[in-house]
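# Analysis of the macromolecular model
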Amino acid sequence: MRGTFQMVTDTATLCLYDLAALRHRVEDTSDWWSIPEDELAEVNAGHCLFLNLGADGVYDVEWSLEDSDRDSDCVAEREKVYHLQVPSGHVYLGAADDVTGGELEPDESCEGVLFQLKPGNYACIVSREASRIAIVMTPSIQGNNTLDELIRM
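Residues numbered from 1 in each chain as written. Predicted model: local features only at pLDDT ≥ 70, side-chain atom pairs only at ≥ 80, totals over all residues. Heavy atoms only, no water.

### Thoughts on the environment of L65
To be explicit about the condition: A run of H or I in DSSP counts as a helix once it spans at least four residues, and a run of E counts as a strand once it spans at least two, with each numbered from the N terminus. Any two residues whose heavy atoms approach within 4.5 Å at even a single point are treated as in contact.
Summarising the element assignment, L65 is placed in strand β4 (residues 57–65). Spatially, the C-alpha atoms of L65 and C124 are 9.2 Å apart, while their sequence positions differ by 59 residues. With near-sequence residues (within four places) excluded, L65 lies in contact with M1, L117, Y122 and M137.

### Quick word on the environment of L51
Basically, it comes down to this: Relative accessibility decides the category of a residue: with a 1.4 Å probe and only protein chains considered, values under 20% of the type maximum give buried, values over 50% give exposed, and everything between is partly exposed.
You can see L51 is positioned in strand β3 (residues 49–52). In this structure L51 comes out as buried when scored by relative accessible area, which is 2%. For L51 and E105, which are 54 residues apart along the polypeptide, the C-alpha to C-alpha distance reads 18 Å. Leave out the neighbours within four places in its chain, and L51 touches A12, T13, L14, V126, I135, I151 and M153.

### Section: the pairing of strand β2 (residues 13–18)
To keep things clear, this is the line we draw: Strand pairing is defined by DSSP finding a minimum of two bridges between the two strands.
For β2, a buried count of 6 out of 6 residues is recorded, marking the element as mostly surrounded by other parts of the structure. Here β2 shows two buried faces, one formed by T13, C15 and Y17 and the other by L14, L16 and D18. By the bridge criterion, 4 bridges tie β2 to β3 in an arrangement that is antiparallel. The residue of β3 that forms the bridge with L14 is L51. Pairing of β2 with strand β6 (residues 90–95) involves 5 bridges; the strand directions are antiparallel. By the bridge assignment, L14 is partnered in β6 with A95.

This is how it looks when you write it as structure tokens:
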């Protein structure tokens with residue numbers, strides 16, 4: 001499974017998550033994740049990946065699902081691996097402008113895509129070249145992260 005889309009962001013951030021993993025944030029403010037401690041806590045729990053892009057603008061995003069783990073030796077230095085929990089399989093990838101909060105969840109009108117994955121944990125290999133972002137997801141045993149800082153692309 002794979003796809004591509006173009007997104008515009010006013011928050012300089014791309015996010016990837018299972019809607020069920022952030023359902024506890026529905027009644028929070030729409031910008032709850034702009035508090036670095038809250039953002040980092042959700043990323044480390046494996047509930048969401050917030051990829052800070054450094055600038056607002058238009059980005060081309062490629063995503064794919066691979067059935068088996070990639071050999072860690074083939075991950076280039078510019079690629080990073082992060083882990084994500086997918087409890088329901090209903091996943092959103094797109095501008096963080098539309099992340100769950102403010103009593104709203106992303107839908108088909110948002111800057112991104114909604115797709116189905118098999119529930120479980122995923123390793124997400126992320127790379128960026130200029131305004132092109134690529135994310136490769138593979139099933140994983142690990143579902144959390146141990147980061148000290150926010151993800152910067």
